[in-house]
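Structural characterization, general
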Amino acid sequence: MDNVETTKNLADSYAAYLKVDNVKEMRSLNESIEDTLTRLEELESGIKMLQAEREKFGSVDFTAARCNLNSLCQRIHKLDEMSKRVLQDVEALEPMVDEAEATLINSTEGKLKSLLKPLFHMRLDSTPPTTSGQTAQYTPPNSFKTSEFFLKSNNEEVLSASTLSTNSSL
């Protein structure tokens, strides 16, 4: 009987391996399915939100927005060019201003006297002002004009016209 008992014990041991707890396995499977369904519902609601956003932006004309953006970029580029031109003009005017200041300092009439003279219409000194040679002729420098960089739009024309009419009525 030794063989029969050994066989019976061996069969019982192997039978324990083959026993499956269906309730426990089904519970685990059901939890996995519930988690998957929850994630699918979240994905569905996310897709619905994206579709609603897409429909909202579907009516936007991107070509018009692109044209507006290109126009804005061109205006920025023109502003950059204008700032470079202003810098060049200022650099060109600096020597002229230095020269004018030097001639003003060298003049025999002081700044205060030259300011008071037109106010009181009388001579503060009895001697006529002396000038060395001829007076320098002022020639205006060739500086930039904003019309070279920006064309007036309809809105700006209306604004400037309304400003002129407002100023003339005052």
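Right, let's walk through the structure included here. (Residues numbered from 1 in each chain as written. Predicted model: local features only at pLDDT ≥ 70, side-chain atom pairs only at ≥ 80, totals over all residues. Heavy atoms only, no water.)

**Points about the side chain of Asp89**
With respect to the helices and strands, Asp89 occurs in helix H3 (residues 62-106). With residues up to four places along the chain from it excluded, the contact list for Asp89 reads Asn142, Ser143 and Phe144. (Helix = DSSP H or I, 4+ residues; strand = E, 2+ residues; numbered from the N terminus. Contact = heavy atoms within 4.5 Å.)

**Considering a nonpolar patch on the surface**
A contiguous nonpolar patch, built from Met26, Leu29, Ile33, Leu37, Leu40, Leu43 and Ile47 and spanning about 630 Å² of accessible area, is present on the exposed surface. Structurally, Ile33 can be placed in helix H2 (residues 22-58). Judged by relative accessible area, which is 42%, Ile33 ranks as partly exposed. (Patch = residues over 30% accessible without salt bridge, like charges linked within 9 Å, V, L, I, M, F, W, Y side chains within 5 Å. Areas by Shrake-Rupley, 256 points an atom, 1.4 Å probe, with all protein chains shown as cover. Salt bridge = Lys/Arg side-chain N within 4 Å of Asp/Glu carboxyl O. Buried < 20%, exposed > 50% of the residue type's maximum accessible area, 1.4 Å probe, protein only.)

**Brief notes about the pattern of salt bridges**
Per the stated rule, a full pass over the model turns up three salt bridges. The partner of Lys84 in a salt bridge is Asp80, and the shortest N-O contact between them spans 3.6 Å. Residue Lys84 and its partner Asp80 are both found in helix H3; the two are separated by four residues, about one turn of the helix. The partly exposed category is assigned to Asp80, whose relative accessible area is 36%.

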